[in-house]
Amino acid sequence: MSDVLSFSGIGVTRGAQKLLDDVSWEVEEGERWVVVGPNGAGKSTLLNVAAGRMHPSTGVAGILGEVLGAVDVFELRPRIGLATAALAERIPSGEKVSDVVVTASYGMVGRWREKYDSFDHERARELLDYVGIGRLADYKAANPALPVVLKGDTAALAVSLEPPGGSPTGTPTGPVLY
């Protein structure tokens, strides 16, 4: 089985519609892939299976050495980074960028009733500093285009930002990509 992804004949069916049909795909550690195709081709479905957010109807989906259906996805998901516009829409209004990083590290979207340790907050700040955007930690992720992607020692951020205390002149308020 591949280090990262090992799909063997996976298919996803919803009702009478086949969203994916007989897909086999291997991704090894260190490889980078781009998934392209027209609307409705199954790109989002494929990535949702790869992120452990959707189970295939047929075939075997191996992710990070685990097999979907035989692993607790709530233990698996924190090991996977996924950023999509649909996922970003689920970030609660007014969520601080640093809190998006904290919750992303647990495979969650937004702080609800969970409590996080000071270690979690310190780690989020370190990651934001690491990628050169620590100054944005207290900004609100307002109308995000994409959430923070956080895995290992890397973070990427593409959100609309609102600085603490409003939006002074010269502060980015539209989509920003770092």
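Residues numbered from 1 in each chain as written. Predicted model: local features only at pLDDT ≥ 70, side-chain atom pairs only at ≥ 80, totals over all residues. Heavy atoms only, no water.

A. Representation of the overall build of the protein chain in the model. If you tally the helices and strands in the protein chain, you get 5 helices and 8 strands. Within the protein chain, buried positions represent 39% of all 178 residues. Pairs at least 24 apart in sequence give 50% of the contacts found in the protein chain among residues at least 6 apart. Of the accessible surface of the protein chain, which amounts to about 10,200 Å², a share of 51% is contributed by carbon and sulfur atoms. (Helix = DSSP H or I, 4+ residues; strand = E, 2+ residues; numbered from the N terminus. Buried < 20%, exposed > 50% of the residue type's maximum accessible area, 1.4 Å probe, protein only. Contact = heavy atoms within 4.5 Å. Areas by Shrake-Rupley, 256 points an atom, 1.4 Å probe, with all protein chains shown as cover.)

B. Quick look at the nonpolar core. Ranked by size, the top nonpolar core spans 24 residues in total, and within it Leu-5, Phe-7, Ile-10, Val-49, Ile-63 and Leu-68 carry the most contacts. Looking at this core, the elements with two or more residues in it are β1 (5–14), β2 (17–27), α1 (43–50), β3 (58–63) and α2 (73–76). By residue number, the principal contributor to this core is β1, which donates 4 residues. Look past the residues within four positions of Val-49 in its chain and what remains in contact with it is Phe-7, Ile-10, Val-12, Met-54, Pro-56, Ala-61, Ile-63 and Leu-68. (Core = buried A, V, L, I, M, F, W, Y, C linked by side-chain atoms within 4.5 Å.)

C. Up close: the packing of aromatic side chains. The final tally for this structure, using the stated rule, is 2 aromatic pairs. With centroids separated by 5.6 Å and ring planes inclined at 80°, the aromatic side chains of Trp-25 and Trp-33 adopt a geometry described as edge-to-face. Exposure remark for Trp-25: the relative accessible area of 13% places this residue in the buried category. Arg-77 extends its terminal NZ or CZ atom over the ring of Phe-74, reaching a point 5.1 Å from the ring centre. (Phe/Tyr/Trp six-rings, centres within 6.5 Å; stacked < 30°, edge-to-face > 60°. Lys NZ or Arg CZ within 6 Å of the ring centre and 35° of its normal.)

D. Representation of the confidence of the model for the protein chain in the model. Confidence along the protein chain averages 77 in pLDDT terms, with 77% of residues attaining 70 or more. No element of the protein chain has a lower mean pLDDT than strand β8 (residues 175–177), which averages 33, and none a higher one than β3, which averages 96. Note on residues 143–162: pLDDT is under 50 here. Beyond four places in sequence and across chains, it has 87 contacts. Considering only residues more than four positions removed or in separate chains, one finds that residues 167–178, a stretch of pLDDT under 50, has 23 contacts. (pLDDT = per-residue confidence, 0-100.)

E. Region of the structure containing the pattern of salt bridges. The full count for this structure, using the stated rule, is 4 salt bridges. In this structure, Lys-96 engages Asp-138 in a salt bridge whose closest nitrogen and oxygen atoms are separated by 3.5 Å. On the criterion of sequence distance, the pair formed by Lys-96 in the loop between α3 (85–88) and α4 (97–104) and Asp-138 in the loop between α5 (118–130) and β5 (140–141) is long-range, its members being 42 residues apart. Here Asp-138 falls in the partly exposed class, since its relative accessible area comes to 32%. Salt bridges sharing common partners tie together Lys-96, Arg-125 and Asp-138. (Salt bridge = Lys/Arg side-chain N within 4 Å of Asp/Glu carboxyl O.)

F. Summary view of unusual backbone geometry. Positive phi, normally seen in glycine, also occurs at Asp-22, with a value near 55°. Within the element layout of this structure, Asp-22 appears in strand β2.

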